[in-house]
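These are the residues of each chain, in order.
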Amino acid sequence: MKWIITVGVILICAVAFLYYLLTNEYFVPFNQVGEYNWLNIFVLLFLCTVIFASIIFLINMAIISVIKRELEIRKRMLFSIKIALFSSLILVMVFVLNFFHILDWIWGLGILAIAIILLFIILFPHDKKEESVQ
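Quick summary incoming for the structure in this document. Here the structure is a predicted model, which is why all the values come from computation and not from measurement.

1. Some remarks on the state of the cysteines
Link 1 in the chain: Using the criterion set out here, one finds 0 disulfides in the structure.
Link 2 in the chain: Its sulfur unpaired, Cys 48 is 16 Å from the next cysteine sulfur, which belongs to Cys 13.

2. Focus on the packing of helix H2 (residues 38-67) against helix H3 (residues 73-99)
Link 1 in the chain: At their nearest, the axes of H2 and H3 sit 7 Å apart, and the two run at 140 degrees to each other. For the pair H2 and H3, the sense of crossing is right-handed.

3. Side note on the packing of aromatic side chains
Link 1 in the chain: Within this structure, the stated rule accounts for 6 aromatic pairs.
Link 2 in the chain: Seen in terms of ring centroids, Trp 3 and Phe 57 are 6.3 Å apart; in terms of plane orientation they differ by 80 degrees. Their pairing is edge-to-face. Of this pair, Trp 3 sits in helix H1 (residues 2-23) while Phe 57 sits in helix H2, and the two are 54 residues apart along the sequence.
Link 3 in the chain: Accessibility expressed as a relative area gives 40% for Trp 3, which makes it partly exposed.
Link 4 in the chain: A residue is classified by how much of its surface remains accessible, and Phe 57, at 3% relative accessible area, is buried.
Link 5 in the chain: One aromatic cluster in this structure is built from Phe 30, Tyr 36, Trp 38 and Phe 42.

4. Remarks on H1
Link 1 in the chain: A rise of 1.5 Å per residue sets the reference length of H1, with its 22 residues, at 32 Å; its end C-alpha atoms lie 32 Å apart and thus fit the reference within 8%.
Link 2 in the chain: Among the residues of H1, Val 7, Gly 8, Leu 11, Ala 14, Leu 18 and Leu 21 are the ones counted as buried. End-on, the buried residues of H1 take up no more than an arc of 160 degrees, which puts them together on one face. Along H1, the residues that are exposed and aim more than 90 degrees away from the buried face are Lys 2, Ile 5, Ile 12, Tyr 19 and Thr 23.
Link 3 in the chain: Elements that come into contact with the buried residues of H1 comprise H2.

5. A word on the nonpolar core
Side chains that are nonpolar tend, in soluble globular proteins, to be buried together.
Link 1 in the chain: Counting 9 residues, the largest nonpolar core is built from Leu 11, Ala 14, Leu 18, Leu 21, Phe 27, Leu 47, Cys 48, Val 50 and Ile 51.
Link 2 in the chain: Looking at this core, the elements with two or more residues in it are H1 and H2.
Link 3 in the chain: Residues within four places of Ile 51 in sequence aside, it is in contact with Leu 11, Ala 14, Val 15 and Leu 18.

6. Side note on the packing of H1 against H2
Link 1 in the chain: Between H1 and H2, whose axes approach to 9 Å, the crossing angle comes to 145 degrees. Here the hand of the crossing between H1 and H2 comes out left-handed. Across from Trp 3, Ile 4, Val 7, Gly 8, Ile 10, Leu 11, Ala 14, Val 15, Phe 17, Leu 18, Leu 21 and Leu 22 in H1, the residues of H2 making contact are Val 43, Leu 44, Leu 47, Cys 48, Val 50, Ile 51, Ser 54, Ile 55, Phe 57, Leu 58 and Met 61.
Link 2 in the chain: Class assignment for the residues of the contact of H1 with H2 results in 21 nonpolar, 2 polar and no charged.

Rules used throughout
- Residue numbering note: each chain is counted from 1, following its sequence as written.
- Owing to the predicted nature of the model, reporting of local features is limited to residues with pLDDT of at least 70; listing and counting of side-chain atom pairs is limited to 80 or more, with chain, interface and lining totals taken over all residues.
- Excluded from the side-chain calculations are hydrogens and water; all other atoms, namely the structure's heavy atoms, are used.
- Two cysteine sulfur atoms form a disulfide, by the criterion used here, when they sit within 2.5 Å.
- Helix axes are fitted only over the stretch in contact, all axes being lines through C-alpha atoms; the angle between N-to-C directions runs from 0 to 180 degrees.
- Segments assigned H or I by DSSP are reported as helices when at least four residues long, segments assigned E as strands when at least two residues long, and all are numbered from the N terminus.
- Throughout, a crossing is termed right-handed when the near helix is turned clockwise from the far one, and left-handed when it is turned anticlockwise from it by less than a right angle.
- Aromatic contacts are taken between Phe, Tyr and Trp rings whose centres are within 6.5 Å, Trp giving its six-membered ring; a plane angle under 30 degrees counts as stacked, one over 60 as edge-to-face, and the others as tilted.
- Burial classes: relative accessible area under 20% of the type maximum marks a residue as buried, over 50% as exposed, and values in between as partly exposed (1.4 Å probe, protein chains only).
- To estimate how far a helix should reach, multiply one less than its number of residues by 1.5 Å.
- This arc is taken over the directions from the axis of the helix to the C-beta atoms.
- Every residue pair with non-hydrogen atoms within 4.5 Å of one another is taken to be in contact.
- Nine residue types can take part in a nonpolar core, namely buried Ala, Val, Leu, Ile, Met, Phe, Trp, Tyr and Cys, and a core is a set of them joined through side-chain atoms within 4.5 Å.
- Here the term charged refers only to Asp, Glu, Lys and Arg, the term nonpolar to Ala, Val, Leu, Ile, Met, Phe, Trp, Tyr, Cys and Pro, and the term polar to all other amino acids, Gly among them.

Right, here's the structure in full:
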């Protein structure tokens, strides 16, 4: 329960700080010369990653807690952390590729959907019974 409250507080703080930065007139992706301001771009990407990961973690914990009640809380949290980090990193990569006009949102979200399906089917088979070591 402490972990969920901590993630919720991190989510609220990240959203509040990002809202403050986005309302600030000096937080722009370009400087006076017209070049990219990489510090502002990296701060935006970091805060978006934290927000996406927190939201995905909380949603995934709620779904897994309803579906898999017999699974212990530690395994539920580890599974949720893996899914949240993987999904948020892919979502941020789609955002970056769209920012630099390399990949459109439609193609990026399609790749994200395929990656999430692979995440559930191949990478994290959580339904396997653990074998006891004798």
